[in-house]
Amino acid sequence: MDTLESIATDLNILIPIINHWFHLLSAIIWIGGLAFLVMAVTPGLEKAVPKDQVKPITDIFYRHYKKVAGILLVVLLFTGGVNLHYVNQVITSQTGNGIQHHSKYLMVFMIKLLLVLGLLTLFLYTVIFKSDDEAEEGESYEAIPFQRAALWMGFFIILCAAAMKHLHQ
């Protein structure tokens, strides 16, 4: 009987760790890929290739990124829900009350969800409605419309995640 209890305890520790790892890894790849596009690919191409070649090359990078980001989106949504379940268990075991009674955590969580919704909206906009129009004269081309705004949202999502991690310990 002790062996079964030990295995159950080990799984109760291992599952949240693995889930959180997948969540963090997915967020790092998504935001890191976006940062790479914003900070390296687009500016580098603007300096290295003729202006009329920036769009087709950047679009190729973004097409590959979109596929990966779509998969990561599903992973992030699933693992985020599982994370919330385990955080609720921890808070309940510590305080006797669930997340619904932890106003600071809920406030940061709602801010994070709003930022995720904004980032998701920008992502889906580019997947569904992305225009193939050329950039206007003198305007720099963005593979992802509002890519800088999306990157800043990603940075603030990570800030919220860090705050949430420390609000339930």
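See above for the structure.
Presented here is a report on the structure given in the accompanying data block. Just so you know, these numbers come straight off a predicted model, no measurement behind them. (Residues numbered from 1 in each chain as written. Predicted model: local features only at pLDDT ≥ 70, side-chain atom pairs only at ≥ 80, totals over all residues. Heavy atoms only, no water.)

1. Some points on the side chain of serine 26
- As for its position among the elements, serine 26 is in helix H1 (residues 2-48).
- When residues no more than four places from it in sequence are discounted, the contact partners of serine 26 are Leu72, Val75 and Leu76. (Helix = DSSP H or I, 4+ residues; strand = E, 2+ residues; numbered from the N terminus. Contact = heavy atoms within 4.5 Å.)

2. Section: the nonpolar core
- Judged by nonpolar contacts, the single largest core of 31 residues is most densely connected at Trp30, Leu34, Tyr65, Tyr105, Leu119 and Leu151.
- Listed by contribution, the elements that provide at least two residues to this core are H1, helix H2 (51-95), helix H3 (103-129) and helix H4 (147-167).
- Here the element with the most residues in this core is H2; it accounts for nine residues. (Core = buried A, V, L, I, M, F, W, Y, C linked by side-chain atoms within 4.5 Å. Buried < 20%, exposed > 50% of the residue type's maximum accessible area, 1.4 Å probe, protein only.)

3. As for the side chain of threonine 79
- Mapping threonine 79 onto the fold places it in helix H2.
- Of the polar contacts made by the side chain of threonine 79, one reaches the backbone oxygen of valine 75; its length is 2.7 Å.
- Of note is the side chain of threonine 79, whose polar atom sits 3.4 Å from the backbone oxygen of leucine 76.
- When neighbours within four sequence positions are excluded, threonine 79 is seen to be in contact with Asn19, Phe22 and His23. (Polar contact = N/O pair within 3.5 Å; in protein donor to acceptor, adjacent residues only side chain to side chain.)

4. Some details on a nonpolar patch on the surface
- Together, Leu11, Leu14, Ile15, Ile18, Trp21, Phe22, Leu25, Ile29 and Val68 line one region of the surface with nonpolar side chains, adding up to about 770 Å² of accessible area.
- No other element matches the eight residues that H1 contributes to the nonpolar patch.
- Relative to the elements of secondary structure, leucine 25 occurs in helix H1.
- Classification of leucine 25 by relative accessible area gives partly exposed; the value is 33%. (Patch = residues over 30% accessible without salt bridge, like charges linked within 9 Å, V, L, I, M, F, W, Y side chains within 5 Å. Areas by Shrake-Rupley, 256 points an atom, 1.4 Å probe, with all protein chains shown as cover. Salt bridge = Lys/Arg side-chain N within 4 Å of Asp/Glu carboxyl O.)

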